[in-house]
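If you want the building blocks of each chain, they are given just below.
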Amino acid sequence: MIARTIINSSILKSVFTVLLLSVYSSTVYSQSFVPSQKQIEQFKNLPRAQQEQLASQMGFDISMLDANSNDFKVNNQSNQVDFVERNLDSKKVSAELAKQSVVETSTAKLKPFGYDIFESREQATKPNNNIPVPPNYSIGPGDSVKLQLFGQETGSFQLEVNNEGNIDLPDLGPLNVAGTTFTELKELVKQKYEQQKIGVTPYISMGQLRTIQIFLVGEVYQPGPLVVTGLSTVTTALINSGGVNEIGSLRNIEIKRDGKTVSKFDLYELIVFGNTTNDIRLEQGDVLFVPTAQNVVSVEGQVRRPAIYELKDTETVADLFKLVGGFLPSADTKAMQLVRANSKDGLTIVNLSLSDSKIMNKVLRNGDFIRVPKAHHEFNNAIVVTGAINLPNIIAETDLSLKDLITKQTILTNTDLNYALVARKARFDKHTTIIQFKPLDVLSGEFNLNLQAFDELIVFNKVGQNIVGGVAGEVVEGNLKASQDDLKNRDSAYLQKVESSRFTTDTFAKRETTDFSRKALLAPLIARLKNEADNNHPVKLAEVTGQVKFPGVYPLSNSSVVGDMLVAAGGLTEAAHLEQSELTSVKILDGVSSVTHKSISLIKQLLLPKSEQLKLESKDILNVVRIPQWYENNVITLNGEVVFPGSYQVSEGETLSSVLARAGGLTDNASIKAAVFTREELKEREAENIGKTVEDLREQLANNNLSNSQFSRSIDYQNATAVLDDLTNVKPIGRLVIDLEAVISGDSTADILIKNGDSLTIPNITPAVSVIGEVFVSTTHMFEESLTVQDYIQLAGGIREYGDDSMIYIVKANGSVVVPESNFWFSSGSETYLEPGDTIVVPRDVTNYDNISLWQGVTQIIYQSAVALAAIGSL
C-alpha cells in the first residue's frame, strides 16, 4: 500500500509538472488551458481522488476527463456537407463554347479556360479545420462555443447557439449572440461576467461550426440547395456543387442576399491573379446566380495558355494577352491575326501588332478568334557542320574560313582527309554551288576558303559501311535520269523536312553524325540537287560504280574531273583495272536523249594535271571494272586419305588432278571408288529441288484428300507422312559423281575444273556391303563375293511390309545408282553388281500412290543423301 502511494505520488508529481508547464504556456500564448490527449491519458492512470485534487489545483473541470478527446479540438469535425461529383468533359464544354466563335472548328480543339477547377474530386472541399476562426465570423444557430472559467470559479463548458440565437451561460442564463461576430461574442461574454461575477475570468473559443444552406441557380452544373460549412466561400460552394455548366459565366457570378446583389465574383481573378477579394464568405440563405457567358473569345497558337476565354465587355486585346500568360519564344508577334464577324461585311481579318497601342486597346467582341502563328526563325549568320569532325552541328559565321574549322584538334582519326564538301546556297539562291576540297590541303595551308552564312560543311568518314536506310536510301539510290520523278514521291516530303529545319533551332536536336556513312551524309544534299534541276540547269550529280571503296552518287562541282570522282568514292580498290574503265554519258541530240559509252584509261587520266583530265557532266556514270580473273579467295578443301589434306587456293582454270598432285596424291588406304566430291552450287540446286518436291507431295496429298472418285487410288497417309517427314529432314549434299580413278590416271575427259567452295572427301572404307531402307534391321556386312543381293537382304531380316521388292537398287560407293533387271536377284552373275562399299536400298512401296515416279524420286533422294552423309561422316 505504501509502495503504491509512493508510485501514485510520483505519477502525480510528473503529471503536475507537465500540466503546470502547459498552463504556463497556455496562459502566455492563448490565455486558456486545454489538456492534450497524452495528458488526459496520464490523468486516467491516477486514482479518482488524485484526479480531483490535481484538477482543482490546475483550475479546470474534472468532467473534461470523462469527455471524448475530440471535445478538445476546435473545429475538429463539421456537420455533413453536400458534394456533387462531376466528371468534367472538357471537349464537350469546348464544343458548346465553340458555337459562339467565328472559327468554330479550330476553337473546338482548344481547352475551356478555368474549368479545370471543377475537375473530379473524391470528397467535398472544406475549410481547413486547423485555421483560426476569423474575427468577423458571424455567429448563428448551430454554432458551438467553448467557455472556460478561471479564478474563483473554474470549469469548461460546451455552449451551443440554439434556434433562437442564444447560448446558456452557467449560473447567468441565456445570452443572445445571433448575428454577432466572433470578436463581439467574446466581448459580450466578458462584460456579462464582469457585471455579475467577481473574480471570474471567462475565455471563449469556437467549437463546432454550423452548416448553412445556400442556393445555386442559373447556368450551374446542378442547380438547387447546397449545404456547406459556415466558413465556405463562393469558390468552395461552386466546387462542391460541380461548378458552372457549358454556357455559364465564370466572370460574372452574383451573390444575392435577402433579395439584393451583395457581390459579384470573377473566378478569373482567383485563377489568374490569386485575388480572393470578392470570394466572400457565404451566409444562410445566400443565392449564387450564374448567368450565361456573353463574351467568348479564343486564342490559338504560340501562347502559354491557348484556350477559350470569357471576357468582360470592356476588356481589350492587351487584357486578353495577360490572361493567356504571355507568348512562347517561338511566337511570331508581328504576324498575329484577329478574325471577327461583322454584320455588314461578314468575316474580317485584322492584323495585330504588340507595338500598335491602338490595336492593343481594341475591345474584343463575342466570337472573336485570335491566332498567334509560329515564327520561322532561321539563323541568318550560321554555318551547318556535319560528318566526321569534332564541331557543333551549327556555328556562327563570324569571318570564318576553313582553316579555322579544320584543325588538328577538330579532325577525328576516322576522318577522310582527301574528300570534303562545302555546299553553298545563300538564303534566296535558287541553286547550290558545290566546292570539293581535301582537308589535308587545309591542314597543310595549301587551300583555304572564306565561309559565308548558310554554307554547309560536310566532312566524311574513311571507314565503315556505305549504307543508309529508309527514305534517305531511296534518295541516294535513285535513277539520275529520273531524279525529278523521284522527288514526286515520298522523297519530296523528306526534302521538305530537311530543308525547313536546316538553319533553325531544330539543328541542336539532331543526333551526332560523326559516324554517318557517305550516303547518309549526302542524302539531304542529293535530294536538294535533284529538286533544283530544271531544263537550263541539269542535276549536278554523277555516279561511280565498280571497283571503288564507296560506290554511289556524288555531287558535281563546276570543275569535277575523273580524279575528283574517284577521290569522292574513297579511291580505287586493289582489284581495279587501271587501263580499262567505262564512262557512260547522257546527251540530248535533236531533242532526243541518247546514251554514249566511252572507254578510258584511269592511269592516264590520273597522271594528267587536273586541268587536262576528262571533265564529268551531269548524270555521267563512271564504271571502274575489275581486273580479269581477279579472285580474292578460290578454295577447294581436301579431306580424308590425302597425303596433305587441307584447303588449297586454286587459280582460274585449275583442275582436280592438279590440286591432288599439289596435295601429294592419295594415301595407300584411300578408297578411290568411295570418293565424295561436293560443290556449293549443286547443294543450292538440291535444296531448291527438295523444297519443290516437298510442295508437290503436299499438293498431291491435299488433292487426294479432296477427291473421292472411284478411279482414284487411296493413299496410305501414315506411310506418305513418314516419307514426307524423311524428305523434310534431308540435308542437301551437292554431290557430283566423278570417276576419280580416271582423273588420277590422267584421263583429261574425266578431269574437272575447280570452283570456289568445292570439297573432295576420300574415305578409307571397310570392305563391306550395307543394307538400308524397308528392311527389319539396317545392317552392314563384310563383303563376300559368293553372297547375292537377296542374301544380304535376308541377313538384314528381310523386307518389311511397306518394302517394294520390285524396285530394289544399289547405290555404288562413288554415288552412282545401279537399277538391276527384273531377273537380277537370282541370276548366277548377280555378284558382278556388288562391290565393297556398295549400299543396297529397299525403297517403300509406292505403287498405290498417284504419280508413282514422283514418289520413287523422293525415296531415292532420301537414301542417296543418307549414303553420302555416311561416307563423309565416317572420317
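Looking down a regular strand, the side chains alternate between one sheet face and the other. Pairing between strand 22 (residues 541-546) and strand 23 (residues 552-555): four bridges, direction antiparallel. Residue L541 lies in a different strand from strand 23, and its bridge partner there is P555. Linking two consecutive strands that pair antiparallel, namely strand 22 and strand 23, is a turn of five residues. In the sheet, strand 22 pairs with strand 26 (residues 621-626) via four bridges, with the strands oriented parallel. The partner of T545 across the bridge, within strand 26, is N623.

Our focus in this paragraph is the sheet that holds strand 7 (residues 211-218). Spatially, 8-7-11-9-10 is the arrangement adopted by the five strands of the open sheet, whose pairing is mixed. Strands with a single pairing partner mark the edges of an open sheet, and in this sheet they are strand 8 (224-229) and strand 10 (260-265). This sheet shows a mean twist of 30° between the axes of neighbouring strands, independent of strand direction. Judged from the four bridges that link them, strand 7 and strand 11 (residues 287-290) form a sheet pairing that is parallel.

All right, on to empty space enclosed by the protein then. Summed over all chains, the structure comprises seven cavities of 30 Å³ or more. There is about 70 Å³ of room inside the largest cavity. Looking at the largest cavity, the residues that line it are L97, P112, F113, Y115, G248, L250, Y268, A293, V296, I308, Y309 and E310. No other element matches the three residues that strand 13 (residues 307-310) contributes to the lining of the largest cavity. Per-class residue counts for the lining of the largest cavity are ten nonpolar, one polar and one charged. Within this model, the second largest cavity holds a volume of roughly 50 Å³. For the second largest cavity, the full set of lining residues is H431, L529, E532, A533, H537, P538, V539 and K540.

The subject of this paragraph is the sheet that holds strand 6 (residues 200-206). Spatial ordering of the open sheet is given by 3-2-6, a layout of three strands whose pairing is antiparallel. Whereas interior strands pair on both sides, the edge strands pair on one side only; in this sheet they are strand 3 (155-160) and strand 6. Going across the sheet, the axis of each strand differs from the next one's by a mean of 25°, ignoring polarity. As paired strands, strand 2 (residues 144-151) and strand 6 are joined by seven bridges and run antiparallel to one another. If you follow V145 over to strand 6, its bridge partner there is M206. This element, helix 7 (residues 182-196), spans strand 2 and strand 6 of the sheet and lies at about 160° to strand 6.

Attention now moves to unusual backbone geometry. Phi angles above zero are rare outside glycine, and D171 is one such case at about 70°. Structurally, D171 can be placed in the loop between strand 4 (166-169) and strand 5 (173-176). Notably, D258 is not glycine yet its phi reads approximately 55°, a positive angle. Mapped onto the elements, D258 comes out in the loop between strand 9 (253-257) and strand 10. On the accessibility criterion, D258 (76% relative accessible area) is exposed.

Once that is clear, we can look at the side chain of E532. Following the sequence through the fold, E532 ends up in helix 17 (residues 518-532). One polar contact links E532 to K425, side chain to side chain, over a distance of 3.2 Å. Sequence-distant contacts of E532, that is, excluding residues within four places in its chain, are made with K425, K430, H431, T432 and H537.

We now examine the pattern of salt bridges. In the structure shown here, the tally under the stated rule is 29 salt bridges. For the salt bridge of K755 with E681, the shortest nitrogen-to-oxygen distance reads 3.0 Å. One end of the pair, K755, is in the loop between helix 23 (740-745) and strand 31 (758-762); the other, E681, is in helix 21 (residues 680-706), and 74 residues separate them in sequence. Looking at E681, the relative accessible area reads 34%, which means it is partly exposed.

What counts as what
- Residues numbered from 1 in each chain as written.
- Predicted model: local features only at pLDDT ≥ 70, side-chain atom pairs only at ≥ 80, totals over all residues.
- Heavy atoms only, no water.
- Pairing = 2+ DSSP bridges.
- Helix = DSSP H or I, 4+ residues; strand = E, 2+ residues; numbered from the N terminus.
- Axes fitted to C-alpha atoms, helices over the stretch in contact; angles between N-to-C directions.
- 1 Å grid on protein atoms, 1.4 Å probe; cavity = no way out; pocket = protein on both sides within 12 Å on 5 of 7 lines; lining within 4 Å.
- Points joined across faces, edges and corners; volume = space filled by probe spheres on them.
- Nonpolar A, V, L, I, M, F, W, Y, C, P; charged D, E, K, R; others polar.
- Contact = heavy atoms within 4.5 Å.
- Buried < 20%, exposed > 50% of the residue type's maximum accessible area, 1.4 Å probe, protein only.
- Polar contact = N/O pair within 3.5 Å; in protein donor to acceptor, adjacent residues only side chain to side chain.
- Salt bridge = Lys/Arg side-chain N within 4 Å of Asp/Glu carboxyl O.

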